[in-house]
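Below are the chains, spelled out letter by letter.
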Number of protein chains: 2
Amino acid sequence: MNERQPARRPGGRSARVGADVHQAVTDLISERGYGNFTVGEVAARAGVADSSIYRRWGSLESLLTDVALTRLNAKSPMPDTGSLDGDLRTYAAQVAREITGPDGLAVLRLAVALSNSGQRGLQAGDDLRAERTRQLQSMLDRASERGEDAPDALGVLDHILAPMYIRVLFGMGPLTPEYVDGLVDRLL
Amino acid sequence: MNERQPARRPGGRSARVGADVHQAVTDLISERGYGNFTVGEVAARAGVADSSIYRRWGSLESLLTDVALTRLNAKSPMPDTGSLDGDLRTYAAQVAREITGPDGLAVLRLAVALSNSGQRGLQAGDDLRAERTRQLQSMLDRASERGEDAPDALGVLDHILAPMYIRVLFGMGPLTPEYVDGLVDRLL
């Protein structure tokens, strides 16, 4: 998405528009859920023109992905504890906490919904995963540089994230700390 | 759901109604997708009264689950190859083939949608999973009875099904035979 965004001056009009639009999206998500509002409704709520949103984000899907990434990065920053074991346990526990909250489930449903909303949705879903995978890979690369035997990012997706995602998406009860630690143990 | 269903005489009126209603649901799913039609629309398409559907299935969610289970049981019966290794590989390959077809993705989305549609949806999702888990457990029990060291059904869910489900739900490309076999290797 970055190539679509003009340089922003912190505190300038562009930053204010960005903050207002993000807030409008967050409000509409909590009122109606992902996928149940239009660019026009976001624009009206944020007090900007539709064209400002299309110029900056290109599509509703890209805007939703930007909001989801901003949320994830604020709530689940990648840990750096000094060991692979500590990093993975902290990360898994953060993700478990995030996705079992009502907003976190909405982010997960967004990722599913994006893959079902045509080419722009698929692209936005790819962007969302690519950014999070890049962050995860940095964490794993730090472990490799310390000489630790790190799994690859897809292994973390398949055996730590996917089981937690599916249990939450299927409404299969809480993710206990023992369960989450067990997933990390098995992968390491 | 079984307790709601009257005994059916094969070839009788009850069986015909069942077949017509299933066909109507299958048609509406392929035209509109899961969740985008009502009991009244199913009834009209099948040529039966709304009350016949409510009497037999109780709710739209239960009807959808019945249709999904019937489909799954027809397309992905539990294998019985004589070894745990053979059973799990055959099962994993069947599931991969099923969920990467356009209809299979719809079943997966149904499971996600059910957990998001209130108490009846959660119950229907539980019924859907309970029946498939019961079948999977029989397969694993047969392996234990042969003296093989079988994983539990939740292990199969977490480490074979969940990775495949998430990759399909997130639109992350094909499930190659090598990938699917790798999941089985890792669990065994």
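Owing to the predicted nature of the structure, the values given are computational and were not obtained by experimental measurement. (Residues numbered from 1 in each chain as written. Chains lettered and ligands numbered in written order. Predicted model: local features only at pLDDT ≥ 70, side-chain atom pairs only at ≥ 80, totals over all residues. Heavy atoms only, no water.)

Counting its secondary structure elements, chain A contains nine helices and zero strands. The secondary structure elements of chain A, listed N-terminal to C-terminal, are α-α-α-α-α-α-α-α-α. Counting over 188 residues, chain A shows a buried share of 51%. Residue pairs in contact within chain A that sit at least 24 positions apart in sequence constitute 64% of those at least 6 positions apart. (Helix = DSSP H or I, 4+ residues; strand = E, 2+ residues; numbered from the N terminus. Buried < 20%, exposed > 50% of the residue type's maximum accessible area, 1.4 Å probe, protein only. Contact = heavy atoms within 4.5 Å.)

This brings us to the packing of helix H1 (residues 13-32) of chain B against helix H2 (residues 39-46) of chain B. Residues and elements named next belong to chain B. Taken N-terminus to C-terminus, the directions of H1 and H2 make an angle of 120°; their axes are 8 Å apart at the nearest point. The orientation of H1 relative to H2 falls into the category oblique. Taken as a pair, H1 and H2 cross one another with a handedness that is right-handed. On the side of H1, the interface is formed by Asp20, Val21, Ala24, Val25, Asp27, Leu28, Glu31 and Arg32, while H2 contributes Glu41, Val42, Arg45 and Ala46. Residues that form the contact of H1 with H2 fall into these classes: six nonpolar, no polar and six charged. (Axes fitted to C-alpha atoms, helices over the stretch in contact; angles between N-to-C directions. Parallel < 35°, antiparallel > 145°, perpendicular 65-115°, else oblique. Left-handed = near helix turned anticlockwise from the far one by under 90°. Nonpolar A, V, L, I, M, F, W, Y, C, P; charged D, E, K, R; others polar.)

The topology assignment puts alanine 68 of chain B in helix H4 (residues 60-75). A residue is classified by how much of its surface remains accessible, and alanine 68 of chain B, at 0% relative accessible area, is buried.

Further remarks concern the side chain of histidine 22 of chain B. Residues and elements named next belong to chain B. Position of histidine 22 relative to the elements: it lies in helix H1. The class for histidine 22 is buried, based on a relative accessible area of 17%. Apart from residues lying up to four places away in sequence, histidine 22 is in contact with Trp57, Asp66, Val67 and Thr70.

Facing the 25 residues of chain B at the interface are 25 residues of chain A. With both sides pooled, the region where chain B packs onto chain A buries about 2,500 Å², and carbon together with sulfur makes up 63% of that total. There are two salt bridges connecting chain B and chain A. Across the pair arginine 167 of chain B and aspartate 158 of chain A runs a salt bridge, and its minimum N-O distance is 3.0 Å. If you look at where chain B meets chain A, you find nine residue pairs in polar contact (both at pLDDT 80 or more). Those elements that place two or more of their residues in the side of chain B that touches chain A are helix H6 (102-114), helix H7 (118-145), helix H8 (153-169) and helix H9 (177-187) of chain B. Classifying every residue of the side of chain B that touches chain A by side-chain character gives 16 nonpolar, four polar and five charged. (Buried area = accessible area lost by both parts, 1.4 Å probe. Salt bridge = Lys/Arg side-chain N within 4 Å of Asp/Glu carboxyl O. Polar contact = N/O pair within 3.5 Å; in protein donor to acceptor, adjacent residues only side chain to side chain.)

Before going further, it helps to examine the pattern of salt bridges. Residue and element names in this part refer to chain A. This structure, assessed with the given rule, holds 18 salt bridges over all chains. In this structure, aspartate 185 and arginine 89 form a salt bridge, with 2.7 Å as the shortest nitrogen-oxygen distance. Of this pair, aspartate 185 sits in helix H9 (residues 177-187) while arginine 89 sits in helix H5 (residues 84-100), placing them 96 residues apart in sequence. Aspartate 185 sits in the partly exposed class, given a relative accessible area of 46%. One network of salt bridges, with partners in common, ties together Asp85, Arg89, Asp181 and Asp185.

Moving on, we get to the UniProt feature "DNA-binding region" (unreviewed entry) in chain A. Residues given the UniProt feature "DNA-binding region" (unreviewed entry) here are residues 38-57 of chain A. End C-alpha atoms of residues 38-57 of chain A are separated by 14 Å, and the span's content is 80% helix alongside 0% strand. (UniProt positions renumbered as here; feature names shortened; annotations may be inferred.)

This paragraph deals with the relation of the copies chain B and chain A. Overlaying chain B on chain A yields an RMSD of 0.1 Å, the required transformation being a rotation through 179° with an accompanying axial translation of 0.0 Å. What the superposition gives is, in effect, a two-fold axis relating one chain to the other. With an isologous cut-off of 70% or more, the 100% of interface residues of chain B that recur at the interface of chain A puts this contact in the isologous class. (Least-squares fit on C-alpha atoms with pLDDT ≥ 70 in both.)

Time to look at the packing of H1 of chain B against helix H3 (residues 50-57) of chain B. The relative placement of two packed helices comes down to the angle between their axes together with the axis-to-axis distance. Residue and element names in this part refer to chain B. Between H1 and H3, the least distance of the axes is 12 Å, while the angle of their chain directions is 100°. Compared by their axis directions, H1 and H3 come out roughly perpendicular. Every residue of H3 that contacts H1 at Ser14, Val17, Gly18, Val21 and His22 is listed here: Ile53, Arg56 and Trp57. Its residues assigned to classes, the contact of H1 with H3 shows four nonpolar, three polar and one charged.

Now for H3 of chain B. Residues lying three or four places apart along an α-helix face the same way, a consequence of the helix completing one turn every 3.6 residues. Residues and elements named next belong to chain B. Of the positions making up H3, those classed as buried are Ser52, Ile53, Arg56 and Trp57. The buried residues of H3 occupy an angular sector of 100° when the element is viewed end-on, so they sit on one face. Positive phi appears at glycine 58, one or two residues downstream of H3, with a value of about 85°. (Arc of directions from axis to C-beta.)

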